[in-house]
Structures are given as structure tokens and as C-alpha cells.
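An overview of the molecular structure
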Amino acid sequence: MDDIETAINREKYLKGKTRKFKKELIEKFNPKWEDLYDTII
């Protein structure tokens, strides 16, 4: 249950951020913008 609450809180946090902030966050962890789909299933 804690993981669900953490995910919901993170979503709410990110929803209020700017596109610039979100883009910088992605580039920090995935600078090449690689498709990570296969790594999460």
C-alpha cells in the first residue's frame, strides 16, 4: 500500500511542475531519451 501512496504523491508532485522541470528530470536519468519499455516489464 505504501508504494501506491508514494506513486500517487509523486504523480501529484510532478503534475504541478513545469514542462522544463519534467524534461530536465528525464534527461538527468535518461539523457539519450532511450525507450525504457522493455526494462519495466
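Refer to the structure above for everything that follows.
Every chain's residues receive numbers from 1 upward, in the order its sequence appears when written. Residue-level local features of this predicted model are given only where pLDDT is at least 70; pairs of side-chain atoms are given and counted only at 80 or more, and the full residue set underlies all totals for whole chains, interfaces and linings. Hydrogens and water molecules were not included; the side-chain quantities draw on all heavy atoms of the structure.

Each helix and strand in the chain was counted, giving 3 helices and 0 strands. With respect to the principal axes defined by its C-alpha atoms, the chain has extents near 30 × 30 × 10 Å. As presented, the chain carries roughly 4400 Å² of accessible surface, and 57% of it is formed by carbon and sulfur atoms. For the chain, the centre of its 10 positive side-chain charges and the centre of its 9 negative side-chain charges are spaced 10 Å apart. A run of H or I in DSSP becomes a helix once it reaches four residues, and a run of E becomes a strand once it reaches two; helices and strands are each numbered from the N terminus. Every accessible area reported is derived by Shrake-Rupley at a probe size of 1.4 Å, with residue values counting cover from the shown protein chains alone. Only four residue types enter the tally: Lys and Arg on the positive side, Asp and Glu on the negative side, with His and both chain ends excluded. Working definition for charges: the position is that of NZ of Lys, CZ of Arg, CG of Asp or CD of Glu.

Turning our attention to the packing of aromatic side chains. What describes a pair of aromatic rings is the distance from one ring centre to the other and the angle between the planes of the rings. Each aromatic pair joins two rings of Phe, Tyr and Trp (for Trp, the six-membered one) with centres within 6.5 Å, and gets the label stacked for planes under 30 degrees apart, edge-to-face for over 60, and tilted for any other angle. Counted by the stated rule, this structure contains 1 aromatic pair. Ring geometry for Tyr13 against Phe21: centres 6.2 Å apart, planes inclined by 80°, an arrangement best described as edge-to-face.

With that settled, consider the environment of Lys20. For Lys20, the location among the structural elements is in helix H2 (residues 19-29). In the structure, Lys20 is positioned 15 residues away from Asp35 in sequence and 20 Å away in space, judged by C-alpha atoms.

A fitted line through C-alpha atoms serves as each axis, taken over the contacting stretch for helices, and the angle formed by two N-to-C directions is quoted from 0 to 180°. For the pair helix H1 (residues 2-15) and H2, interaxial distance at closest approach is 9 Å and the crossing angle is 125°. In terms of orientation, H1 and H2 fall into the oblique class. Contacts between H1 and H2 pair Arg10, Tyr13, Leu14 and Lys15 from the former with Phe21, Lys22 and Leu25 from the latter. Ten residue types, Ala, Val, Leu, Ile, Met, Phe, Trp, Tyr, Cys and Pro, are classed as nonpolar, four, Asp, Glu, Lys and Arg, as charged, and the remainder, Gly among them, as polar. Along the lines of polarity and charge, the residues of the contact of H1 with H2 split into 4 nonpolar, no polar and 3 charged. If an angle is under 35 degrees, it is roughly parallel; if it is over 145, roughly antiparallel; if it lies from 65 to 115, roughly perpendicular; otherwise it is oblique. For this analysis, residues touch if any pair of their heavy atoms sits within 4.5 Å.

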